[in-house]
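# Coordinate inspection notes
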Amino acid sequence: MTSIIKSDIFRIKKGSAVRNVFLAGMVIIIITGINMFNSRSGFGGVGVQSSASAARSLPANGAQFVQQMRDDGLFPFFILAFAVAVLGADYSAGTIRNSLSYFVDRKKVYFAKCITGFLCCLIYTLVCLIVSCIAGVILFGFGGFSLTMISRILTQLILSIPLYFGMIAIGSGLLVFTKKTSITIASYLIGLIIFPSVTYQIYQLFPNAEWLKLCDPLSAFSLLSRFWEFPLMYVGMVLLFWIILDAIVLFLGMRVYSEADVI
C-alpha cells in the first residue's frame with residue numbers, strides 16, 4: 001500500500017492535467033485578488049460562491065483576503081480536481097496495470113489511492129493558502145494575521161478530513177468507469193454543482209433539520225471555513241453526515257474497484 005501511495009504522489013510532477021489544474025488554481029486566486037483590488041467596492045472576485053458563503057466587502061488587509069478565499073467555493077473546486085488529476089495520471093500513463101498486479105488486493109489499492117488523493121488535497125490546500133497569503137499581502141498589505149487565525153485554519157483542515165476523503169473516494173470510483181482524467185474532472189465538477197439538490201431533497205424529508213442544507217460539498221467547505229460562526233450542533237451534524245457518507249462510499253467503492261474492469 002505504501003509503495004502505491006509513493007508512486008501516485010511521484011506523479012504529481014507528471015502529466016499535463018496535473019500541471020494545468022495546479023497552475024489554474026494559482027492563476028485564479030491571483031486574478032481574483034486583482035479584480036477585488038481594482039473593484040474598490042463589493043466582492044469583485046472570480047469564484048464560485050456557495051449558499052453558505054455570503055458576499056464580503058473589499059478586504060481591508062491580507063488576512064481578510066485569505067479568509068475570503070477560504071470562504072469561497074473556489075478552493076474545493078481546484079483542490080479536489082487536482083487530486084483527481086494525480087490519480088488519473090495512473091490511467092494516462094498506462095501504469096494502472098502495475099498497480100493492479102495479480103498478487104495485490106484491489107481493495108487495498110483503492111484505499112491507498114484514496115489516501116493519496118487525501119494527501120494531495122492537503123498539499124494543494126497549503127499551496128493555495130500560501131499563494132493567497134502572498135497575493136493578499138502584496139495587494140492589501142500585511143495585517144490581520146494572528147495566532148487565532150492560524151489556529152482556525154489548522155482546525156478547518158482537520159475538520160475537512162471527512163469531506164476530502166468522501167469526495168476523493170467518489171472521484172476514484174468515477175475513474176473506474178471513465179478511465180479518462182479530463183472526463184472524470186468534468187463529471188466531478190458538475191457533480192459538485194448538482195450535489196446540493198440531493199441534500200436539499202433530504203432536507204425536504206426532514207424540514208426541522210436545517211443543518212442538512214449545509215451538507216453539500218461547497219456549502220460544507222464554506223461552513224468549515226467559518227466554523228466558529230455556526231452552532232456547534234450544525235458543525236457536528238454536517239461532519240457526522242459526511243463520516244457516514246464516507247463509510248458508504250468507501251464500502252461501495254472497494255466493491256466496485258475489486259470487481260469492475262478497472263483497466
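Only a predicted model underlies this, so the values are computations on that prediction, with no experimental measurement involved.

What counts and how
Residues numbered from 1 in each chain as written. Predicted model: local features only at pLDDT ≥ 70, side-chain atom pairs only at ≥ 80, totals over all residues. Heavy atoms only, no water. Phe/Tyr/Trp six-rings, centres within 6.5 Å; stacked < 30°, edge-to-face > 60°. Helix = DSSP H or I, 4+ residues; strand = E, 2+ residues; numbered from the N terminus. Buried < 20%, exposed > 50% of the residue type's maximum accessible area, 1.4 Å probe, protein only. Patch = residues over 30% accessible without salt bridge, like charges linked within 9 Å, V, L, I, M, F, W, Y side chains within 5 Å. Areas by Shrake-Rupley, 256 points an atom, 1.4 Å probe, with all protein chains shown as cover. Salt bridge = Lys/Arg side-chain N within 4 Å of Asp/Glu carboxyl O.

## Let's talk about the packing of aromatic side chains
According to the stated counting rule, one finds nine aromatic pairs in the structure shown. Where Phe-111 meets Phe-165, the ring centres are 6.3 Å apart and the plane angle is 25°; that geometry is what we call stacked. Of this pair, Phe-111 sits in helix α6 (residues 106-140) while Phe-165 sits in helix α8 (residues 161-178); the two residues are 54 residues apart in sequence, bridging distant segments of the chain. Its relative accessible area of 28% is what places Phe-111 among the partly exposed residues. Between Phe-227 and Trp-228 the ring centres are 5.3 Å apart and the planes differ by 85°, which places this aromatic pair in the edge-to-face class. Given a relative accessible area of 18%, Phe-227 falls into the buried group. Overall, the relative accessible area of 29% leaves Trp-228 in the partly exposed class. An aromatic cluster is present here, built from Phe-37, Phe-65 and Phe-140 joined pairwise through their rings.

## A word on the environment of Leu-218
Note on placement: Leu-218 falls in helix α10 (residues 217-225). For Leu-218, a relative accessible area of 7% translates into the label buried. Taking the C-alpha atoms as reference, Leu-218 lies 9.1 Å from Phe-195; in sequence the two are 23 residues apart.

## Side note on a nonpolar patch on the surface
Taken together, Leu-240, Ile-244, Ile-248, Phe-251 and Leu-252 make up a surface patch of nonpolar side chains, about 480 Å² in accessible area. Inspection of the secondary structure puts Ile-248 in helix α11 (residues 232-259).

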